[in-house]
Amino acid sequence: MNRPLSRAALVATLVTLAPLSTLAGSVYLNGVLIDGVTNQKFEKATVRIDESGNVHIEAAGYRVSTVTTPAPAAPAQAAAPTPSAAQAVPAGGAAPAAQAVPTAGTASAQPAVAPATQPTRITQRYWLVTEQTVPGMTEYDIDVYVNSRWLRKLRGNEDQVVADITQHLKPGANQVMLMARKISTGSKRSDSPKHLFRVIIGEGNEGGGNVMIDNPLIRFQTSAAESKDITQEFTLTTR
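Residues numbered from 1 in each chain as written. Predicted model: local features only at pLDDT ≥ 70, side-chain atom pairs only at ≥ 80, totals over all residues. Heavy atoms only, no water.

Participant: Looking at this structure, how should I read the sheet that holds strand 2 (residues 27–29)?
Facilitator: Within a sheet, adjacent strands bond to each other through the backbone by hydrogen bonds, running parallel or antiparallel. Taken in spatial order, the 4 strands line up as 3-2-5-4 in an open sheet, and their pairing is mixed. Among the strands making up the open sheet, the edge pair consists of strand 3 (32–33) and strand 4 (46–49). Two elements, strand 2 and strand 3, share 2 bridges in a ladder whose sense is antiparallel. Bridged to Leu 29 within strand 3 is Val 32. (Pairing = 2+ DSSP bridges. Helix = DSSP H or I, 4+ residues; strand = E, 2+ residues; numbered from the N terminus.)

Participant: Got a minute to help me understand the environment of Arg 121 in this structure?
Facilitator: Its place among the elements puts Arg 121 in the loop between strand 6 (63–67) and strand 7 (125–132). Of the residues examined, Arg 121 reaches a relative accessible area of 56% and is grouped as exposed. Remark: the alpha-carbon pair of Arg 121 and Gly 172, spanning 51 residues in sequence, is separated by 8.7 Å. (Buried < 20%, exposed > 50% of the residue type's maximum accessible area, 1.4 Å probe, protein only.)

Participant: Even after reading the chapter, I still don't get the pattern of salt bridges, so can you show me in this structure?
Facilitator: Inspection of every chain in the model, using the stated rule, returns 7 salt bridges. Close ionic contact of Arg 125 with Asp 164 constitutes a salt bridge, the shortest N to O distance being 2.8 Å. With Arg 125 in strand 7 and Asp 164 in strand 10 (residues 162–164), this pair connects stretches of sequence that are 39 residues apart. A relative accessible area of 34% means that Arg 125 is categorised as partly exposed. (Salt bridge = Lys/Arg side-chain N within 4 Å of Asp/Glu carboxyl O.)

Participant: What exactly am I supposed to notice about the nonpolar core here?
Facilitator: The tendency in soluble globular proteins is for nonpolar side chains to be buried side by side. Judged by nonpolar contacts, the single largest core of 24 residues is most densely connected at Leu 128, Ile 142, Leu 154, Leu 178 and Ile 201. The element best represented in this core is strand 8 (residues 140–146), accounting for 4 residues. When neighbours within four sequence positions are excluded, Ile 142 is seen to be in contact with Arg 152, Lys 153, Leu 154, Leu 178, Met 179, Ala 180, Phe 197, Val 199 and Phe 220. One finds Leu 29, Ile 34, Phe 42 and Ala 59 within the second-largest nonpolar core, a separate group that totals 9 residues. (Core = buried A, V, L, I, M, F, W, Y, C linked by side-chain atoms within 4.5 Å. Contact = heavy atoms within 4.5 Å.)

Participant: In this structure, what is going on with the confidence of the model for the protein chain? I would like to understand it.
Facilitator: Across the protein chain, pLDDT averages 77, with 64% of residues at or above 70. A low-confidence stretch, residues 1–6 (pLDDT under 50), is modelled with 11 contacts involving residues beyond four sequence positions or located in other chains. (pLDDT = per-residue confidence, 0-100.)

Participant: Looking at this model, I keep getting lost on unusual backbone geometry. Mind explaining?
Facilitator: Trans peptide bonds make up most of the peptide bonds, and negative phi angles are found at most residues other than glycine. The backbone phi angle of Glu 139 is positive, close to 60°, even though this residue is not glycine. Relative to the helices and strands, Glu 139 is located in the loop between strand 7 and strand 8. With a phi angle near 70°, Ser 148 is a residue other than glycine that sits in the positive phi range. Mapped onto the fold, Ser 148 is located in the loop between strand 8 and strand 9 (149–154). For Ser 148, a relative accessible area of 46% gives the class partly exposed.

Participant: Sorry if this is basic, but what is going on with the pairing of strand 7 here?
Facilitator: Among the 8 residues in strand 7, 7 count as buried, and that is most of the element. In this structure, strand 7 lies alongside strand 12 (residues 196–207), joined through 8 bridges in antiparallel fashion. In the strand pairing of strand 12, Arg 125 is matched with Gly 204. One ladder, built from 3 bridges, connects strand 7 with strand 10; its direction is antiparallel. Residue pairing across strands places Val 129 opposite Val 162, the latter belonging to strand 10.

Participant: How should the environment of Asp 159 be read in this particular structure?
Facilitator: With respect to the secondary-structure elements, Asp 159 resides in the loop between strand 9 and strand 10. By relative accessible area, which is 43% here, Asp 159 ends up partly exposed. Put simply, Asp 159 and Gln 132 are 27 residues apart on the chain and 8.5 Å apart in space, counted from C-alpha to C-alpha.

Participant: Looking at this structure, how should I read the pairing of strand 8?
Facilitator: In regular strands, side chains alternate between the two faces of the sheet. Burial runs high along strand 8: 7 of the 7 residues are buried. Of the two faces of strand 8, both are covered, the one formed by Tyr 140, Ile 142, Val 144 and Val 146 as well as the one formed by Asp 141, Asp 143 and Tyr 145. Two strands pair when backbone bridges link them, and strand 8 and strand 11 (residues 173–182) are joined in this way by 7 bridges, in the antiparallel orientation. Counted as the bridge partner of Val 146 is Val 176 from strand 11. The pairing of strand 8 with strand 9 spans 5 bridges and is antiparallel. Paired with Ile 142 across the bridge in strand 9 is Leu 154. Taking the residues that link successive antiparallel strands as the turn, the strand 8-strand 9 hairpin has 2 residues, and the phi of Asn 147 there is positive, at about 55°.

So this is what it looks like as structure tokens:
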């Protein structure tokens, strides 16, 4: 979006920022103000200091979005049903593969496996960020479930969402289900595969009004070219 708003979300596979607190001016990453972000560094970047002391960092491959973060929505479990296991199918629509079941009366030796050590608390922060090429063009809404509980609905006609979901996660493995539902009731607004609705969930941090996802863990997307509902389930392991 090209309008000034109060919060910036950065999504990249690897994001690092260099401490620049000793400079008198402001710091800009690809033209976006990122004052307040600390304990980071950039590699393969071009740095320019203008006559006012402002630092301009140009780093190819980093995407910066300026967004307004809405107030966190309280989970409303009664507003949407908990999906059944039968609903969790891959994005391509194929049914889950059948599982082999041992014949009755036979036994197979299984090697002893030491139980995995589970963390006692979550030390990272986890964020959900949406991205749309053009809001509303895909005509999809996406429901988010965490550990079989409905978390929130991401509407295709709303602005970018940036939400801290750490409090809804437990230490260790978490099941995250994303269900995209087609909401078109008449002629399609678009059938272009370039009109995308993307959801990214990952580890990140906040500073100076900026949110940066430096370790994306879940990526889910649909496009205006799709016409069917899409459901996909992920395992998110916190630390």
